[in-house]
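Close look at the chain arrangement
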Amino acid sequence: HKRTGPRRPRAHAAHPRATVALQAPPAPARMRVLTLVSALLVPAASLLLPRGPARGGARSLAATTNIDPPVRVGVIGAGRIGLVHLEALSSCADAQPIIVSNPTVSKAQAAAEKFNLPYYSDSAEEVINHPEVDAVWICSPSQFHADQIKQCAAAGKHILCEKPLATDIPETISAINAANAAGVKLMTALQRRFDPNFARVQRAIAEGEVGEPIVVKLCSRDPSPPPFEYVKGGGGIFKDMAVHDLDMSRFLMGCEPLEIMATGSCMIDKEIEQLEGPEAFDTATVLIRYENGRQAVVDVCRQAPYGYDQRAEVLGTKGMCQTDNEYPNTARLYLSDFTGNADLPFDFFMSRYKEAYKRETYAFVDAIKNDKPAPCSGEDGLTALVMAEAAGISATEHRWVKFSEVAQAINCDEESCEVDFTAVKSDPPAEGWLQDAVRFVTGGSR
């Protein structure tokens, strides 16, 4: 559907559904046997392809490098997260949202009108194949992510994908491989890395203000529990909620995790107790051991009546740095029976992380325009998923779980990957294994 006329009316007919034919990615010269376990010195064989040469979609990468024209973006999904990304894109001078899609086309039309986009559609394929689109923002339900990443890669389009890249580890690897083979940039949208508060804590660590980090503490509590339908089939509290905090602990530490201990319980919504595994938890605590003896502690809960509670703290050899929650204003009340903030913290992630979504957008657009690596790569998304998977195993089996166990369980050939925990050995992980593996697969990152 294309906008026509002076005041954003829509003509029913627009672009045909197959404006640009999907292009098959170049065949890899030779599959390199490696992966998340290449530095473990254990007999496991996951596959992540090396990066292919840069490829263009509607325009070649060369045409979008160091030039003034904005990166033209298509957005798949006009739900709440799609609207958040459209707002961020609309604030970016170097980006131009072109088209948005949603299965309920009226939502796509409303989003196009709100953000002044020239096109809208009920078809994700039309976004991916649109001739004016350089990059695609994937904001669809999680079960569609992997296939849409592969379609974008085949069409030569750069990709920002909301977490998770896929619903399981094998599909995540497959999606990353597709982007690597096509030579397009793939960014995992873990927006908390771009939040000014967390970024300042990371800077305090990186610049040595607090000395060598000893302990990182992260707190993540939602204002209220999600519906039963959201929890069921969502992968559990570690994958659909704590994955942000697991990634943040690694981001702040600046080194790689070795093993994890997690516990979970149902304290709020007793209805979910009937579910299996981590899906039955609405409260969890995680302890992560990192290289050099460092530790991280994460606590998550699906209900905090006082608001959206998102805090971080690092204790270092020279001092401490911590963040507070975000409030709608800085007003404080001083009364005979109360002293404190006049209002509760923000009660929704869309308001709490509004600035983070903007900075995330600016960072990836800059990477596309100036041929830089994606600031939060597909491999970062895969690592966060491995950490969440290990946390789920730990909470279910009530034991420490080495991340090497998950890596060993991933077996890939040239066609597909599978996860088999029955063949896992409990050899201790080599220090630096995850960092080396990620560095291996991101060498020459697009």
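Scroll up to find the structure.
All right, on to the overall build of the protein then. Regarding its fold elements, the protein presents 14 helices and 19 strands. A total of 446 residues make up the protein; the buried ones form 53% of that total. The long-range fraction of contacts in the protein, counting pairs at least 24 apart against all pairs at least 6 apart in sequence, stands at 72%. Carbon together with sulfur atoms contributes 51% to the accessible area of the protein, which is approximately 18,700 Å² in total.

With that out of the way, let us pick up helix H9 (residues 243–253). With 10 of 11 residues buried, H9 lies mostly within the body of the structure. Within two residues after H9, Gly-254 carries a phi angle of roughly 75°, on the positive side.

A few words now on the packing of aromatic side chains. Taken as a whole and judged by the stated rule, the model has 3 aromatic pairs. Here the aromatic rings of Trp-137 and Phe-364 are separated by 5.6 Å at their centres, their planes lie at 50°, and the arrangement is tilted. Of this pair, Trp-137 sits in strand E6 (residues 135–138) while Phe-364 is found in helix H11 (residues 354–369), placing the two residues 227 residues apart along the sequence. Judged by its relative accessible area of 0%, Trp-137 falls in the buried class.

With that settled, the discussion passes to helix H2 (residues 105–115). Given 3.6 residues to a turn, an α-helix orients residues that are three or four positions apart in the same direction. Buried within H2 we find Ala-108, Ala-111, Ala-112 and Phe-115. Down the axis of H2, the buried side of the element spans an arc of 100°, and every buried residue falls inside it. Remark: Asn-116 follows H2 within two positions and exhibits a positive phi of approximately 60°.

Turning our attention to the nonpolar core. Counting residues in hydrophobic clusters, the biggest one holds 110 residues, and the most contacted among them are Val-100, Trp-137, Phe-238, Ile-260 and Ile-288. When residues of this core are assigned to their parent elements, the largest contribution, 10 residues, is made by helix H12 (residues 378–397). Leaving out residues up to four positions away in the same chain, Val-100 has contacts with Val-75, Gly-77, Ala-78, Leu-86, Ala-108, Ala-111, Ala-112, Leu-117, Tyr-119, Tyr-120, Ser-121 and Val-127. By size, the runner-up hydrophobic cluster in this structure holds 5 residues, among which are Phe-228, Cys-266, Ile-272 and Leu-275.

The next thing to look at is the packing of helix H6 (residues 196–206) against H9. Packing of H6 against H9 leaves a shortest axis separation of 8 Å and a crossing angle of 35°. For the pair H6 and H9, the contacting residues are Phe-198, Val-201, Gln-202 and Ile-205 in the first and Met-248, Phe-251 and Leu-252 in the second. Per-class residue counts for the contact of H6 with H9 are 6 nonpolar, 1 polar and no charged.

This paragraph deals with a nonpolar patch on the surface. A cluster of nonpolar side chains, contributed by Ile-214, Leu-315 and Met-320, occupies part of the molecular surface with about 260 Å² of accessible area. Assignment of secondary structure puts Met-320 in strand E14 (residues 320–322). Given the relative accessible area of 48%, Met-320 is considered partly exposed.

Here we have 7 strands laid out as an open sheet, ordered E14-E13-E9-E12-E11-E10-E17, and mixed in their pairing. With one partner strand each, in any of the chains shown, E14 and strand E17 (401–402) form the two edges of the open sheet. With 7 bridges joining them, strand E11 (residues 283–290) and strand E12 (residues 295–301) adopt antiparallel strand pairing. Bridge pairing in E12 links Thr-285 to Asp-299. Across the sheet, H9 lies against strand E9 (213–221), strand E10 (257–265), E11 and E12, angled at about 155° from E9, the strand it touches most.

Calculation rules
Residues numbered from 1 in each chain as written. Predicted model: local features only at pLDDT ≥ 70, side-chain atom pairs only at ≥ 80, totals over all residues. Heavy atoms only, no water. Helix = DSSP H or I, 4+ residues; strand = E, 2+ residues; numbered from the N terminus. Buried < 20%, exposed > 50% of the residue type's maximum accessible area, 1.4 Å probe, protein only. Contact = heavy atoms within 4.5 Å. Areas by Shrake-Rupley, 256 points an atom, 1.4 Å probe, with all protein chains shown as cover. Phe/Tyr/Trp six-rings, centres within 6.5 Å; stacked < 30°, edge-to-face > 60°. Arc of directions from axis to C-beta. Core = buried A, V, L, I, M, F, W, Y, C linked by side-chain atoms within 4.5 Å. Axes fitted to C-alpha atoms, helices over the stretch in contact; angles between N-to-C directions. Nonpolar A, V, L, I, M, F, W, Y, C, P; charged D, E, K, R; others polar. Patch = residues over 30% accessible without salt bridge, like charges linked within 9 Å, V, L, I, M, F, W, Y side chains within 5 Å. Salt bridge = Lys/Arg side-chain N within 4 Å of Asp/Glu carboxyl O. Pairing = 2+ DSSP bridges.

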